[in-house]
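# Structural overview
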Amino acid sequence: MANAPGQGRKPKLNNPDVKNKDRAERAKRAIENNGDFQAIKSPPSRLTSEEKTLYKHIVQEFNSKGILKDLDSSILEEFVVQVSVSRQARKVINEHGVVIFEDDKMKKNPAVDVLNNAVKNIKSLGSSLGLDPISRSSILADVTSENDDDETDDIVAKMGG
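The rules we used
- Residues numbered from 1 in each chain as written.
- Predicted model: local features only at pLDDT ≥ 70, side-chain atom pairs only at ≥ 80, totals over all residues.
- Heavy atoms only, no water.
- Helix = DSSP H or I, 4+ residues; strand = E, 2+ residues; numbered from the N terminus.
- Buried < 20%, exposed > 50% of the residue type's maximum accessible area, 1.4 Å probe, protein only.
- Pairing = 2+ DSSP bridges.
- Expected span 1.5 Å × (residues − 1).
- Polar contact = N/O pair within 3.5 Å; in protein donor to acceptor, adjacent residues only side chain to side chain.
- Salt bridge = Lys/Arg side-chain N within 4 Å of Asp/Glu carboxyl O.
- Contact = heavy atoms within 4.5 Å.
- Core = buried A, V, L, I, M, F, W, Y, C linked by side-chain atoms within 4.5 Å.

In this section: the environment of N121. Inspection of the secondary structure puts N121 in helix α4 (residues 110–129). Owing to a relative accessible area of 34%, N121 belongs among the partly exposed residues under this scheme. Residues N121 and Q82, spaced 39 residues apart in sequence, show a C-alpha to C-alpha distance of 6.8 Å.

So this is what it looks like as structure tokens:
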């Protein structure tokens, strides 16, 4: 059943003028239930300085909206680690190329697979956190469902939409 709740494709950007009372009610309940959780604070000490910088930047952007909470910190931590892994893999690829020679045979650089896996993880984790346009617009639509259009436009503009 492709139309069963919780299955199928992720929702696409819809017309923001269409009012969906079920969605608005779910958003209202989610905001109320999310209110008791602590906001994310400082990054874990085990992260590198580069990872901490990214972690802090994301937290700063989302804490003001009340979107990310302390329960999300492990997903955020893994996201920034995967970004770091992808950057390291890119550095190796830039230094050695996409292919390497071993025993006079040309082989794919293993860093290519590392990069591909990190990018897949970044996409998945980022979507969970609202770090892509579709998931962010969905989160912002839920968060702002009770606000007027001017406030919604301001928030979307600040989030890069």
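Next, the rest of the story.
What follows deals with the pairing of strand β2 (residues 105–108). Sheet analysis places strand β1 (residues 99–102) next to β2, joined by four bridges and oriented antiparallel. Across the sheet, the residue bridging to E102 is K105, located in β2. Hairpin remark: β1 followed by β2, antiparallel, with two residues in the connecting loop; positive phi at D103, about 55°.

On to α4, then. Over its 20 residues, α4 extends 29 Å from the first C-alpha to the last, a length consistent with the 28 Å expected when each residue adds 1.5 Å. Buried residues of α4: A111, V112, L115, A118, I122, L125, G126, S127 and L129, and no others. Put simply, N109 is the residue that caps the front of α4, since its side-chain oxygen is 2.9 Å from the backbone nitrogen of A111. In the stretch just after α4, G130 is the one whose phi turns positive, near 85°.

This brings us to the pattern of salt bridges. Counting across every chain of the model gives four salt bridges. R87 is the salt-bridge partner of E50, the closest N and O atoms lying 2.9 Å from each other. Separated by 37 residues along the polypeptide, E50 in helix α2 (residues 49–63) and R87 in helix α3 (residues 73–96) bring together distant segments of the chain. According to the relative accessible area criterion, E50 is partly exposed, its value standing at 40%. When its relative accessible area of 43% is taken as the criterion, R87 is described as partly exposed.

Right, let's get into the environment of A89. Mapped onto the secondary structure, A89 falls in helix α3. Of the residues examined, A89 reaches a relative accessible area of 5% and is grouped as buried. Spatially, the C-alpha atoms of A89 and D113 are 8.8 Å apart, while their sequence positions differ by 24 residues. Leaving out residues up to four positions away in the same chain, A89 has contacts with A111, V114 and L115.

The first and last C-alpha atoms of α3 sit 35 Å apart over 24 residues, in line with the 34 Å expected at 1.5 Å per residue. By the burial criterion, the buried members of α3 are L76, E77, F79, V80, Q82, V83, S84, S86, A89 and I93. Looking at the buried side of α3, the elements it contacts are α2 and α4. Once α3 finishes, G97 follows within two positions and takes phi at roughly 90°, a positive value.

Glancing now at the nonpolar core. Of all hydrophobic cores here, the largest spans 16 residues; its most connected members are Y55, I58, L76, F79 and V80. The set of elements that each furnish at least two residues to this core consists of α2, α3 and α4. The biggest single contributor to this core is α2, with five residues. One finds A89, I93, A111 and L115 within the second-largest nonpolar core, a separate group that totals five residues.

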